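Read off the chains here:
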Amino acid sequence: MGGLAVIRQRTAAAGLGVALALSIWTMRAHAQTAPGQPIYKDKCSRCHGANGEGDTAPQLVPFKWTYEKTLDRVRHPECEMPAFTESELSDDDVAQIVTYLKTLKK
Ligand code: HEC
């Protein structure tokens, strides 16, 4: 009977290990989602595509713009793109979007 108890204990320990590994993996996966993603989705994706692949607006991926150039473009667009004011989209939000877009591949 003692043998069975040991097997039960081992099984429980293995289960715990898997659960732990899974939760660490989930946390990592979350950390990899750039904070700029929801901002991009909300403010830019309807024209530039869900993943920057382009739609009614030009493709943005691979993203080669600097933060300064992007900020300038967002505040003072050249054509049909709407201007975003500081209250709609902060400088920091733009920085987050730039960081996010740079993580995307074509
Ligand atoms: C209403 C549609 C629309 C939205 C929303 C929009 N854009 Fe644009 N965007 C455009 C259009 C159209 C162009 C091309 C004309 C131009 O350069 O202004 C453009 C051009 C750009 C360019 C220059 C691309 C190039 O290769 O010339 C950048 C960078 C850019 N947008 C970034 C953004 C970011 C960042 C956001 C979100 C904060 C955003 N856009 C939201 C329509 C939009």
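Residues numbered from 1 in each chain as written. Predicted model: local features only at pLDDT ≥ 70, side-chain atom pairs only at ≥ 80, totals over all residues.

Draft legend 1. Representation of the packing of helix H4 (residues 67-75) against helix H5 (residues 91-103). One can describe the packing of H4 onto H5 by two numbers: an axis separation of 10 Å at closest approach and a directional angle of 120°. For the element pair H4 / H5, the angle class is oblique. Here H4 and H5 pass one another in a crossing that is right-handed. Between H4 and H5, the residues in contact are Tyr 67, Thr 70, Leu 71 and Val 74 and Asp 91, Val 94, Ala 95 and Val 98, respectively. Classifying every residue of the contact of H4 with H5 by side-chain character gives 6 nonpolar, 1 polar and 1 charged. (Axes fitted to C-alpha atoms, helices over the stretch in contact; angles between N-to-C directions. Helix = DSSP H or I, 4+ residues; strand = E, 2+ residues; numbered from the N terminus. Parallel < 35°, antiparallel > 145°, perpendicular 65-115°, else oblique. Left-handed = near helix turned anticlockwise from the far one by under 90°. Contact = placed C-beta atoms within 7 Å. Nonpolar A, V, L, I, M, F, W, Y, C, P; charged D, E, K, R; others polar.)

Draft legend 2. Seen up close, unusual backbone geometry. Here Val 61 and Pro 62 are connected by a cis peptide whose omega angle stands at 0°. In this fold, Pro 62 is placed in the loop between helix H3 (45-48) and H4.

Draft legend 3. The confidence of the model for the protein, seen in detail. Confidence along the protein averages 87 in pLDDT terms, with 83% of residues attaining 70 or more. Summarising per-element confidence for the protein, the mean pLDDT is lowest in helix H1 (residues 2-32) (68) and highest in H4 (98). (pLDDT = per-residue confidence, 0-100.)

Draft legend 4. H5, seen in detail. Look at H5: 19 Å from first C-alpha to last across 13 residues, which is about the 18 Å you get at 1.5 Å a residue. Taken as a whole, H5 has its buried residues at Asp 93, Val 94, Gln 96, Ile 97, Val 98, Tyr 100 and Leu 101. Where H5 is buried, its residues contact helix H2 (36-43) and H4. (Expected span 1.5 Å × (residues − 1). Buried ≥ 20, exposed ≤ 12 C-beta atoms within 10 Å, placed from the backbone.)

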